[in-house]
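Observations on the model geometry
Given next are the chains, with one letter for each unit.
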Amino acid sequence: NAGVTQTPKFQVLKTGQSMTLQCAQDMNHNSMYWYRQDPGMGLRLIYYSASEGTTDKGEVPNGYNVSRLNKREFSLRLESAAPSQTSVYFCASDSHFSYEQYFGPGTRLTVT
Amino acid sequence: GQQVMQIPQYQHVQEGEDFTTYCNSSTTLSNIQWYKQRPGGHPVFLIQLVKSGEVKKQKRLTFQFGEAKKNSSLHITATQTTDVGTYFCAGPWGNTPLVFGKGTRLSVIA
């Protein structure tokens, strides 16, 4: 099992460009999450999907959209990237809402 | 404001010394989780505590959940260089499934 996979690993965008971060899990988990991690800020939840077909805002949703494509895949979209969105983005999943979460390797995004 | 406070922010210890990080919440938590993140890596789940006053051990790591379920601690006995990383506590808060503390970064001097 690969666990949680994320693509791409690194990305550089110019201000105003758009992109989609992909996440997939092969553990048959119901819930999936997107976090961002900034130095000294810990992990902050952007959006989550408690189950297939549902999505909800987390602590810092502004500037992002998500799609739960199916049970395996949960994507994060930046429609118009801003320098403030420079961060490391982690996808995570768990079998039951709020149980132990399994994290992907992360995407390091720089917006210039 | 920060719902889950974690202290200290940084800790430097000599190899073999003990280390403790503390996590505090202003409200009662239904459970608390601890994660470890190695430099350049992703967070890895360590443990979940659910019961008031619960104490769990994993080899040299001891986790405690306070009686009021508002605080928790992680204690490492006789640190090793493999313990280097950032330790995060996390708990459910309102409608947010998990809110993370800012973490304690541990460095171990050999």
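See above for the structure.
An account of the accompanying structure is given in this report. (Residues numbered from 1 in each chain as written. Chains lettered and ligands numbered in written order. Predicted model: local features only at pLDDT ≥ 70, side-chain atom pairs only at ≥ 80, totals over all residues. Heavy atoms only, no water.)

**Things to note about the overall build of chain B**
Summing up its helical and strand segments, chain B has zero helices and 11 strands in all. The principal-axis extent of the C-alpha atoms belonging to chain B is close to 40 × 25 × 20 Å. The 110 residues of chain B split such that 47% are buried. Taking the contacts inside chain B whose residues are at least 6 apart along the sequence as the reference set, 53% of them involve residues at least 24 apart. Summed over its atoms, the accessible surface of chain B is roughly 5300 Å², and 50% of this surface lies on carbon and sulfur atoms. The distance from the centre of the 11 positive side-chain charges to the centre of the 6 negative ones in chain B is 9 Å. (Helix = DSSP H or I, 4+ residues; strand = E, 2+ residues; numbered from the N terminus. Buried < 20%, exposed > 50% of the residue type's maximum accessible area, 1.4 Å probe, protein only. Contact = heavy atoms within 4.5 Å. Areas by Shrake-Rupley, 256 points an atom, 1.4 Å probe, with all protein chains shown as cover. Lys, Arg positive; Asp, Glu negative; His and termini not counted. Charge placed at Lys NZ, Arg CZ, Asp CG, Glu CD.)

**Focus: the packing of aromatic side chains**
The geometry of an aromatic ring pair is captured by the separation of the ring centres together with the interplanar angle, meaning the angle of the planes. Applying the stated criterion across every chain, the model contains 12 aromatic pairs over all chains. Seen in terms of ring centroids, Tyr33(A) and Tyr48(A) are 6.3 Å apart; in terms of plane orientation they differ by 25°. Their pairing is stacked. Linking Tyr33(A) in strand β4 (residues 31–38) with Tyr48(A) in strand β5 (residues 42–49), this pair joins segments that are 15 residues apart in sequence. Using a relative accessible area of 0% as the deciding quantity, one classes Tyr33(A) as buried. Since its relative accessible area comes to 7%, Tyr48(A) is described here as buried. The interplanar angle of 80° and the centroid separation of 6.3 Å between the aromatic rings of Phe88(B) and Phe100(B) together place this pair among those described as edge-to-face. Of the two residues, Phe88(B) is situated in strand β9 (residues 85–93) and Phe100(B) in strand β10 (residues 96–100); the sequence distance between them amounts to 12 residues. Across the pair, exposure class does not vary: Phe88(B) and Phe100(B) are buried alike. (Phe/Tyr/Trp six-rings, centres within 6.5 Å; stacked < 30°, edge-to-face > 60°.)

**Here we look at the pattern of salt bridges**
Under the counting rule described, the total for this entry stands at five salt bridges over all chains. For the salt bridge of Asp38(A) with Arg44(A), the shortest nitrogen-to-oxygen distance reads 2.7 Å. A relative accessible area of 12% means that Asp38(A) is categorised as buried. Accessibility expressed as a relative area gives 21% for Arg44(A), which makes it partly exposed. Of the charged contacts, one joins Glu54(B) and Lys56(B) as a salt bridge, the two residues approaching to 3.7 Å between their closest N and O atoms. Residue classification places Lys56(B) among the partly exposed positions, given a relative accessible area of 30%. Linked through salt bridges whose partners overlap, the residues forming this network are Arg36(A), Asp38(A) and Arg44(A). (Salt bridge = Lys/Arg side-chain N within 4 Å of Asp/Glu carboxyl O.)

**Things to note about the side chain of Thr86(B)**
All names here are of chain B. Looking at where Thr 86 falls in the secondary structure, it is placed in strand β9. Take Thr 86: its relative accessible area is 15%, and that puts it in the buried class. Discounting chain neighbours no more than four positions away, the residues touching Thr 86 are Tyr 35, Lys 36, Gln 37, Gly 103, Thr 104 and Arg 105.

**Some points on unusual backbone geometry**
Note the cis peptide between Thr7(A) and Pro8(A), where omega equals -5°. Looking at the element boundaries, Pro8(A) is found in the loop between β1 (4–7) and β2 (10–13). Looking along the chain, the bond that leaves Ile7(B) and enters Pro8(B) is cis, with omega of -5°. Relative to the helices and strands, Pro8(B) is located in the loop between β1 (4–7) and β2 (10–14).

**Re the sheet that holds strand β8 (residues 71–76) of chain B**
Residues and elements named next belong to chain B. Pairing is antiparallel across the open sheet formed by five strands, whose spatial order is β1-β3-β8-β7-β6. The open sheet has two edge strands, β1 and β6 (55–58), and neither has a second partner. In this sheet, adjacent strand axes meet at a mean angle of 15° when their direction is disregarded. As paired elements, strand β7 (residues 61–65) and β8 share five bridges and run antiparallel to each other. Looking at β8, one finds that Phe 65 is bridged to Ser 72. (Pairing = 2+ DSSP bridges. Axes fitted to C-alpha atoms, helices over the stretch in contact; angles between N-to-C directions.)

Everything listed here is a matter of geometry and, on its own, says nothing about what the molecule does.
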